[in-house]
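Observations on chain architecture
Residues per chain are reported as follows:
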Amino acid sequence: MRFSVLASGSTGNSIYVENDDHTFIVDAGLSGKKMEQLFTKIDRNMKQLSGIFVTHEHSDHIKGIGVLARKYNVPIYANAKTWQAMDGLVGDIPLEQRFEFEMDTVKHFGSLAIESFAVSHDAADPMFYSFHENGRKLVVITDTGYVSDRMKGIIRGADSFVFESNHDVNMLQMGRYPWSIKRRILSDVGHVSNEDAAIAMSEVVFEKPTNIYLSHLSMDNNMKELARMSVTQTLQSCGIIAGEYVNLFDTDAEEPTKLVTV
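Because the structure is predicted, anything quoted here is derived from the model rather than measured. (Residues numbered from 1 in each chain as written. Predicted model: local features only at pLDDT ≥ 70, side-chain atom pairs only at ≥ 80, totals over all residues. Heavy atoms only, no water.)

1. Section: the UniProt feature "domain: Metallo-beta-lactamase" (unreviewed entry) in the protein chain
Under the UniProt annotation, "domain: Metallo-beta-lactamase" (unreviewed entry) lies at residues 11-216. Between the C-alpha atoms that bound residues 11-216 the distance is 9 Å, and the span itself is 29% helix and 26% strand. (UniProt positions renumbered as here; feature names shortened; annotations may be inferred. Helix = DSSP H or I, 4+ residues; strand = E, 2+ residues; numbered from the N terminus.)

2. Quick look at the pattern of salt bridges
What the rule picks out here adds up to 15 salt bridges. When the shortest N-O distance is used, the salt bridge between lysine 224 and aspartate 252 registers 2.1 Å. One end of the pair, lysine 224, is in helix α9 (residues 224-237); the other, aspartate 252, is in the loop between β13 (246-250) and β14 (260-261), with 28 residues separating them in the sequence. Exposure remark for lysine 224: the relative accessible area of 29% places this residue in the partly exposed category. A single network of salt bridges, built from pairs that share partners, joins Arg2, Glu18, Asp20 and Arg44. (Salt bridge = Lys/Arg side-chain N within 4 Å of Asp/Glu carboxyl O. Buried < 20%, exposed > 50% of the residue type's maximum accessible area, 1.4 Å probe, protein only.)

3. Overview of the packing of helix α8 (residues 194-202) against α9
Contact pair α8 / α9: the axes reach a minimum separation of 8 Å and the direction vectors enclose 40°. Considering their axes alone, α8 and α9 lie oblique with respect to each other. Our pair here, α8 against α9, has a crossing hand that is right-handed. Where α8 abuts α9, its residues Asn194, Glu195, Ala198, Ile199, Met201 and Ser202 lie against Leu226, Ala227, Ser230, Val231, Thr234 and Leu235. By residue class, the composition of the contact of α8 with α9 is 7 nonpolar, 4 polar and 1 charged. (Axes fitted to C-alpha atoms, helices over the stretch in contact; angles between N-to-C directions. Parallel < 35°, antiparallel > 145°, perpendicular 65-115°, else oblique. Left-handed = near helix turned anticlockwise from the far one by under 90°. Contact = heavy atoms within 4.5 Å. Nonpolar A, V, L, I, M, F, W, Y, C, P; charged D, E, K, R; others polar.)

4. Concerning the sheet that holds strand β12 (residues 210-215)
Neighbouring strands of a sheet are bound in pairs by backbone hydrogen bonds; such pairs are parallel or else antiparallel. As summarised here, the arrangement of the 7 strands in space is β7-β8-β9-β10-β11-β12-β13, forming an open sheet in which the pairing is mixed. Edge strands, defined here as strands with exactly one partner in the open sheet, are β7 (106-109) and β13. On average, each strand axis in the sheet is inclined to that of its neighbour by 20°, with strand direction left out of account. Across the sheet, α9 is in contact with β12 and β13; its angle to β13 comes to roughly 165°. (Pairing = 2+ DSSP bridges.)

5. As for unusual backbone geometry
The phi dihedral of asparagine 73 is positive, around 55°, even though this residue is not glycine. Positive phi, normally seen in glycine, also occurs at aspartate 143, with a value near 55°. Under the relative-accessibility criterion, aspartate 143 is labelled buried at 2%.

6. A word on the layout of surface pockets
Empty space among the atoms becomes apparent when a probe as large as a water molecule is rolled across them. Volume-wise, the largest pocket comes out at about 230 Å³. Lining the largest pocket are 18 residues, with Ser10, Asn166, Arg184, His191 and His216 positioned closest to its centre. For the lining of the largest pocket, the element with the most residues is helix α7 (residues 179-186), which contributes 3 residues. Here the lining of the largest pocket is composed, by residue class, of 5 nonpolar, 9 polar and 4 charged. (1 Å grid on protein atoms, 1.4 Å probe; cavity = no way out; pocket = protein on both sides within 12 Å on 5 of 7 lines; lining within 4 Å. Points joined across faces, edges and corners; volume = space filled by probe spheres on them.)

7. As for the sheet that holds strand β6 (residues 98-100)
On the basis of which strands lie adjacent, the open sheet formed by 7 strands has the order β6-β5-β4-β3-β2-β1-β14 and mixed pairing. Two strands close off the open sheet at either side, each with one partner strand: β6 and β14. Strands in contact with helix α1 (residues 32-41) are β1 (2-7), β2 (14-18) and β3 (23-26); relative to β1, the strand with the most contacts, it is inclined by about 140°.

8. Some details on the environment of alanine 69
Inspection of the secondary structure assignment puts alanine 69 in helix α3 (residues 65-72). Residues alanine 69 and serine 4 lie 65 residues apart in sequence; the distance between their C-alpha atoms is 21 Å. Setting aside residues up to four positions removed in sequence, alanine 69 forms contacts with Val74, Ile76, Ile93 and Gln97.

9. Considerations on the packing of aromatic side chains
In total, this model carries 14 aromatic pairs according to the counting rule given. Centroid distance phenylalanine 53 to tyrosine 129: 5.5 Å. Interplanar angle 45°. Geometry classified as tilted. Of this pair, phenylalanine 53 sits in strand β4 (residues 51-53) while tyrosine 129 sits in strand β9 (residues 127-133); the two residues are 76 residues apart in sequence, bridging distant segments of the chain. With a centroid separation of 4.7 Å and an interplanar angle of 15°, the aromatic rings of tyrosine 213 and phenylalanine 249 are classed as stacked. (Phe/Tyr/Trp six-rings, centres within 6.5 Å; stacked < 30°, edge-to-face > 60°.)

Below, the structure is given as structure tokens:
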């Protein structure tokens, strides 16, 4: 199993996952043209895409879904409430390409098992995904106001995480956003901060080599260096030495990470 974070942030989100038999993306939050360019950058062809898994209906996660569905005849997977919320946002998608993937279920695609789980975000029925193959595990979790004990139980022990580290609390509080938006981001249905993300990570990382891709960083209320420093310090305070067990990686708004094996 291999993956790349194609894009991450408020301008658009998409994660590529493949094994020897299937190729998928989680979300397509950029234009169809931009998604095609991102595929080219990781030396992959959109024509081989097996499906798109939708996390929720916010535009930075679904912008390109309608175009890709129609152009490449690709199956789209989302839960019933998300399908309803997407109506009118993604254009016409033929019924034969619409598949329901309900929360807290597992779908199998050959040797690849994909598990959906709930998160806490201000969307109709938001959920993210855990990918399993041959004893290896990749977790994608962003767009959540907090990481509950139930979420931790589902994602614990992954070999690779794409984990939200959205904002620095001080930068957000002192920044230019109106208070209504600040309150939404800081709420239980907003986004997790660097520190809260790191505390959650410290409770789900096993004592084995683990790669964590810090994702969905705010362009206005965070910086890569700050996120990395905050997460490293918090992990160290929890007794986890970054670099010994944990490798931290940055993600960009519209520049894919290197395609790597889980």
